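These are the residues of each chain, in order.
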Amino acid sequence: MFARLVLLLCCLGSFPASATEPERWRVVIDLWGNPVYQTLELTREGTRLVGTLDGDPLTGNLQDNRLRLTATAGDRHYHLSGTQIGDRLTGTADFPDPNRPERRAEHAFSATRLPARPAHARVLDYIPTDYANEFSAHRAPVLLLWPGDTVRTRTLDSGGVDEHGVTRALFGNPQVGPFYVDGAEPGDILAITLHRLRPNRDHADSLDALVGRAQGLALAAQANALGKPVRWRLDRERGLALPPAGGGLDGLSIPLRPMLGGIAVAPGFGFPPMSAGDSGRFGGNMDFNQIVEGTTVYLPVAQPGALLYLGDAHAAQGDGETSQYGLETSMDVEFSVAVIKKRALATPRVESATRLMAVGQAGSLDEAVRAATQGLVQWLQQDYRLSLSEASQLLGAAVEYRIITLAGRNAGVAAMLDKARLATLRAASERE
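Residues numbered from 1 in each chain as written. Predicted model: local features only at pLDDT ≥ 70, side-chain atom pairs only at ≥ 80, totals over all residues. Heavy atoms only, no water.

Undergrad: Teacher, can you tell me more about the overall build of the protein chain here?
TA: A tally of helices and strands in the protein chain yields five helices and 29 strands. Seen along its three principal axes, the alpha-carbon backbone of the protein chain occupies a region of about 80 × 55 × 45 Å. By the burial criterion, 52% of the 432 residues in the protein chain qualify as buried. Contacts in the protein chain between residues far apart in sequence, at least 24 positions, make up 68% of those at least 6 positions apart. Taken as two groups, the 43 positive and 48 negative side-chain charges of the protein chain have centres that lie 2 Å from each other. (Helix = DSSP H or I, 4+ residues; strand = E, 2+ residues; numbered from the N terminus. Buried < 20%, exposed > 50% of the residue type's maximum accessible area, 1.4 Å probe, protein only. Contact = heavy atoms within 4.5 Å. Lys, Arg positive; Asp, Glu negative; His and termini not counted. Charge placed at Lys NZ, Arg CZ, Asp CG, Glu CD.)

Undergrad: Help me understand the environment of Arg154, please; the structure alone is not making it clear to me.
TA: Inspection of the secondary structure puts Arg154 in strand E12 (residues 150–155). Between the alpha carbons of Arg154 and Leu197 there is a distance of 9.3 Å; along the sequence they are 43 residues apart. Residues contacting Arg154, with those up to four places away along its chain left out, are Tyr126, Ile127, Pro128, Glu163, Val176, Asn200, Met331, Asp332 and Val333. There is a polar contact of 3.1 Å between the side chain of Arg154 and the side chain of Glu163. (Polar contact = N/O pair within 3.5 Å; in protein donor to acceptor, adjacent residues only side chain to side chain.)

Undergrad: What is the right way to look at unusual backbone geometry in this model?
TA: The phi torsion of most residues other than glycine is negative, and most of the peptide bonds are trans. The amide bond that connects Gly177 to the next residue, Pro178, takes the cis arrangement and shows omega of 10 degrees. With respect to the helices and strands, Pro178 occurs in strand E13 (residues 175–181). The backbone phi angle of Gln324 is positive, close to 80 degrees, even though this residue is not glycine. Here Gln324 lies in the loop between strand E24 (308–314) and strand E25 (331–340). Among the residues examined, Gln324 registers a relative accessible area of 35% and is labelled partly exposed. The phi dihedral of Arg385 falls on the positive side, at around 55 degrees, and the residue is not glycine.

Undergrad: Is there a simple way to explain the pairing of strand E3 (residues 48–53) in this structure?
TA: As a general feature of sheets, a regular strand has side chains that alternate between the two faces. Relative to E3, strand E2 (residues 34–45) runs antiparallel, the two sharing six bridges. The residue of E3 that forms the bridge with Leu40 is Leu53. What sits between the antiparallel neighbours E2 and E3 is a turn of two residues, in which Gly46 has the positive phi angle 70 degrees. As paired strands, E3 and strand E4 (residues 56–63) are joined by six bridges and run antiparallel to one another. Within E4, the residue paired with Val50 across the bridge is Thr59. (Pairing = 2+ DSSP bridges.)

Here it is, written out as structure tokens:
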């Protein structure tokens, strides 16, 4: 609470003399070297300032471009002051020490005004100029979106190479983003629908490898020489991937099924930035070959604006990504975003036209199965109002488990249900 109160002060300096629609600001507070991000809404009513910060009401006064605000939470008082220059606010907060309430502590903050939401959803073209190798809350957003907006962009391959064969970023699954989605707040769900995934070059890189989790003793004894790079040719016109000529795979072709290996939101306060090769509840390097055109990925929001990242495109990939790489390539991507307010989400979800898929990611396959099962049961409880007994019966008769990845620090498993099995059940929204 105390951190959020600090933010309020920043915004007041620029409101017109009459009441207006609330202005929204993205606020950063420096708590002893630890940045905390919040969203502030403020409206002026004459000389009085009213607003909310994460639902907490605030009041204050504004004179010239300087603000003085006092916030009270229980028996604690927070004195806030700030100055505005254009769309930028800076200030200082004087509030109780969180460990010794009888003492005071000062913290600096800054804030940036967010643009007003347009009347209609937009289609935006975004050409990246740099890339991220971490899923981080501290990277400046590359583009501000509102729910309903669609973005057309492009990704590099996992080695940082673009569609022209030029290295543009450090290897290790460089990501595009983050995209700031206004209206997404901690406790919400961000829904990302993938409308178009298309390789934009004629080759993909992979390895002749078997990941350790897929090797028994007999295979491990033979696998020392594996790990060499392999370049596949992509026949985009026919929709096929072809291995190098001149070996035992001559004549083989694999249908292209473009997918995104990486899709994530920034971790919450108190968590460090995560490597773009890592995965967890925030999504990440899931390498799930069902994240294709037409699917929607649901991720739990932990930071204001969600801060969406995506990358690591594969032209095709088998279950488990057993060769350590998929068919890694660069890709043209089109997606849209939506926000589901105040909804719990235990683990990432993927929804296609025919399936519900809950993603579990953990250090072992056993733990990943548990996480995926928990996620799917929660989905059934939330959307179909099934009891645990009813959900358990349904899973026992119809659930499918698929290994997502064996290649990363975490193993991944998806618990899946065919929507046809649910066709006779009324969704919760239809019951209410």
